[in-house]
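Below, each chain spelled out in residue letters.
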Amino acid sequence: MSSPELVPGLAGIPAAESSVSFIDGQAGVLEYRGYPIEELSAHSTYEEVAWLLLYGELPTAEELKAFTADLERLRVLPEALVSMVKAFPRTGHPMQALQASLAGLGMVAPKVDLKDAASRDEATRRVIAATPVLVALFERVRAGKEYVAPREGLGTAANFLWCLDGEEPDEVAAKTLDCALVLHAEHTMNASTFACRVVASTENDPYTSCSGAVGALFGPLHGGANERVLNQLGTIGDLSNVEAWFEGKSERKEKVMGFGHRVYKTKDPRAKNLQLLANEMFGKLGSTPKYDIALKLEQVVTEKLGSRGIYPNVDFFSGLVYEKLGLATDVFTPIFAMARVAGYCAHWSEQMLDNKLFRPGQIYKGKRQRAYVSIDKR
Ligand code: CMC
């Protein structure tokens, strides 16, 4: 039998059967449980979308009310976890803090009975509820400020802003962030979702699985790109510099952050929606010079690389939106994570229902059957 050929990065190789979301990378389509994200981001809140991802259907008003109440209850962090996060080094990256915090959440939460649907539900809901509060808590800690506990009656986005500032969240800001969370909530078998499913496949709870996923999301080729896009726009600095900056990048064979995708070979539909969101918000709150630089950069990169299927991805416009909301650049990826935990948990649940341990093969290229050399002869 001939050995299978290596597919680098497992590109295009199915790792699971899933009914959580669907992408058509040529047409630029993304659906959660069959619903186009354009519809969901226009009409649904993040809580509705989290329910949809977890359970496959849009919630009824009654289901949503009970789910929202559950999330409010599970948002409240145990004192031991707050103390743990307060002890983190302030110089750490917020994604490192989040990865550790999710593992910590697992340490303080009741043990998950993987065979019991209610226990699994409670755990996935706790992850979705607590993640934004954990992100906000570390922001407070590193700013030397006191913890702001969640407030009742606020949705996920508004409560996150409340926990960050301890002030009544601005309505435009909360609505904008809610929409961004919807757009980031799920995205098929990307690197971090795959990581989540691999960790889950060893029969792990959602805390450990999502903590592993957050580690995978941190890197610049994945969620970490949104932070770098903003830094990149800052480095370009001026509209007149866009072309020269891009030529320099090309000569050095460096990638432009916020462009290209393993699956989309056209403009990422999330980028289109985030751009609409940015336009709407800038219309209300005033534009930013970086947005003009971004538009020019899109034009230049698309002209040069569009024929190779390289277009703006989700990370290209999200940072501009978050910056306008007054959020720190290195908290952009944790915001991606606090949205994406809904998708991770949906995949975790799917994995649990039909689990098979991930244990791929390899193509061995090393030496074999060597004669051992004792230390005095080396
Ligand atoms: N700028 C310039 N060239 C690029 C870019 C880019 N952003 N993306 C891909 N290419 C080129 C790459 O240099 C390579 O060229 P060559 O064949 O001459 O060596 C070719 O296109 C294929 O690139 P690849 O990296 O092997 O392809 P991939 O399918 O693994 O790419 C990607 C996907 C996202 C890793 C890549 O496009 C990239 O690194 N983009 C920049 C980082 C980024 O924006 N990441 C966010 C991804 S979307 C959100 C998320 O999933 O988190």
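As the structure is a computational prediction, the values presented were derived from the model and not from experiment.

1. Regarding the overall build of the protein chain
- Across its full length, the protein chain carries 16 helices and 3 strands.
- The C-alpha atoms of the protein chain give 22 Å as radius of gyration, which agrees with the globular expectation for 378 residues (21 Å, within 12%).
- With respect to the three principal axes, the spread of C-alpha positions in the protein chain is 70 × 55 × 50 Å.
- Expressed as a percentage of the 378 residues in the protein chain, the buried residues total 50%.
- A separation threshold of at least 6 residues defines the contact pool for the protein chain, and within that pool the share at least 24 residues apart is 75%.
- Working note: accessible area of the protein chain is about 18300 Å², and carbon and sulfur atoms make up 53% of it.
- Computed over 42 positive and 47 negative side-chain charges, the inter-centroid distance for the protein chain is 10 Å.

2. Focus on the site of the ligand
- In the vicinity of the ligand there are 20 residues, among which His222, Lys255, Val256, Gly258 and Phe259 approach most closely.
- Within the side chain of Lys255, an N or O atom sits 2.6 Å from an oxygen atom of the ligand.
- Surface burial for the ligand is 69%, taken as the share of its 930 Å² of free accessible area covered by protein chains.
- Split into classes, the residues belonging to the shell around the ligand amount to 10 nonpolar, 6 polar and 4 charged.

3. Details of the pattern of salt bridges
- Evaluation of the coordinates by the stated rule reveals 16 salt bridges.
- Among the salt bridges present, the one from Arg151 reaches Glu168, with a minimum N-O distance of 2.9 Å. Of this pair, Arg151 sits in the loop between helix H6 (117–142) and helix H7 (156–165) while Glu168 sits in the loop between H7 and helix H8 (171–184), placing them 17 residues apart in sequence.

4. Side note on the sheet that holds strand E2 (residues 29–32)
- Strand order in the open sheet made by the 3 strands is E1-E2-E3, with antiparallel pairing throughout. If you trace the sheet from one side to the other, it starts and ends with strand E1 (21–24) and strand E3 (35–36), each paired once.
- Both E1 and E2 contribute to a ladder of 4 bridges, which runs antiparallel. Across the sheet, Asp24 pairs through a bridge with Val29, a residue of E2.

5. What about the nonpolar core?
- If you look at the biggest cluster of nonpolar residues, it comprises 112 residues, and the most contacted ones within it are Tyr32, Tyr46, Phe160, Leu177, Leu297, Leu327 and Ile335.
- Ranked by the residues each element gives to this core, the list is headed by helix H16 (residues 332–353), at 13 residues.
- The two domains that each donate at least three residues to this core are domain 1 (18–219 + 329–353) and domain 2 (225–324).

6. What to know about the UniProt feature "active site" (unreviewed entry) in the protein chain
- This chain's UniProt record puts "active site" (unreviewed entry) on His261 and Asp315. What stands out for the annotated residues spanning 55 residues is how close their C-alpha atoms remain, the widest pair being 10.6 Å apart.
- You can see His261 is positioned in the loop between helix H12 (242–251) and helix H13 (269–285).
- By relative accessible area, His261 is classed as partly exposed at 23%.
- For His261, the side chain forms a polar contact with the main-chain nitrogen of Val263, separated by 2.9 Å.
- When residues no more than four places from it in sequence are discounted, the contact partners of Asp315 are His222, Gly223, Ala225, Asn226, Val229 and Phe336.

7. Brief notes about the packing of aromatic side chains
- This structure, assessed with the given rule, holds 9 aromatic pairs.
- An angle of 90° between the planes, with centres 5.4 Å apart, marks the rings of Phe194 and Phe358 as edge-to-face. With Phe194 in helix H9 (residues 191–200) and Phe358 in the segment after H16, this residue pair connects regions lying 164 residues apart in the sequence.
- Looking at Phe194, the relative accessible area reads 22%, which means it is partly exposed.
- One aromatic cluster is present, built from ring pairs that chain together Phe259, Phe282, Tyr291, Phe316 and Phe317.
- Above the plane of the ring of Trp162 lies Arg151, whose end atom (NZ or CZ) is 4.9 Å from the centre.

So, how was this worked out
- Residues numbered from 1 in each chain as written.
- Predicted model: local features only at pLDDT ≥ 70, side-chain atom pairs only at ≥ 80, totals over all residues.
- Heavy atoms only, no water.
- Helix = DSSP H or I, 4+ residues; strand = E, 2+ residues; numbered from the N terminus.
- Rg over C-alpha atoms; globule rule 2.2 N^0.38 Å.
- Buried < 20%, exposed > 50% of the residue type's maximum accessible area, 1.4 Å probe, protein only.
- Contact = heavy atoms within 4.5 Å.
- Areas by Shrake-Rupley, 256 points an atom, 1.4 Å probe, with all protein chains shown as cover.
- Lys, Arg positive; Asp, Glu negative; His and termini not counted.
- Charge placed at Lys NZ, Arg CZ, Asp CG, Glu CD.
- Near = heavy atom within 4 Å.
- Polar contact = N/O pair within 3.5 Å; in protein donor to acceptor, adjacent residues only side chain to side chain.
- Nonpolar A, V, L, I, M, F, W, Y, C, P; charged D, E, K, R; others polar.
- Salt bridge = Lys/Arg side-chain N within 4 Å of Asp/Glu carboxyl O.
- Pairing = 2+ DSSP bridges.
- Core = buried A, V, L, I, M, F, W, Y, C linked by side-chain atoms within 4.5 Å.
- Domains from an automatic or database assignment.
- UniProt positions renumbered as here; feature names shortened; annotations may be inferred.
- Phe/Tyr/Trp six-rings, centres within 6.5 Å; stacked < 30°, edge-to-face > 60°.
- Lys NZ or Arg CZ within 6 Å of the ring centre and 35° of its normal.

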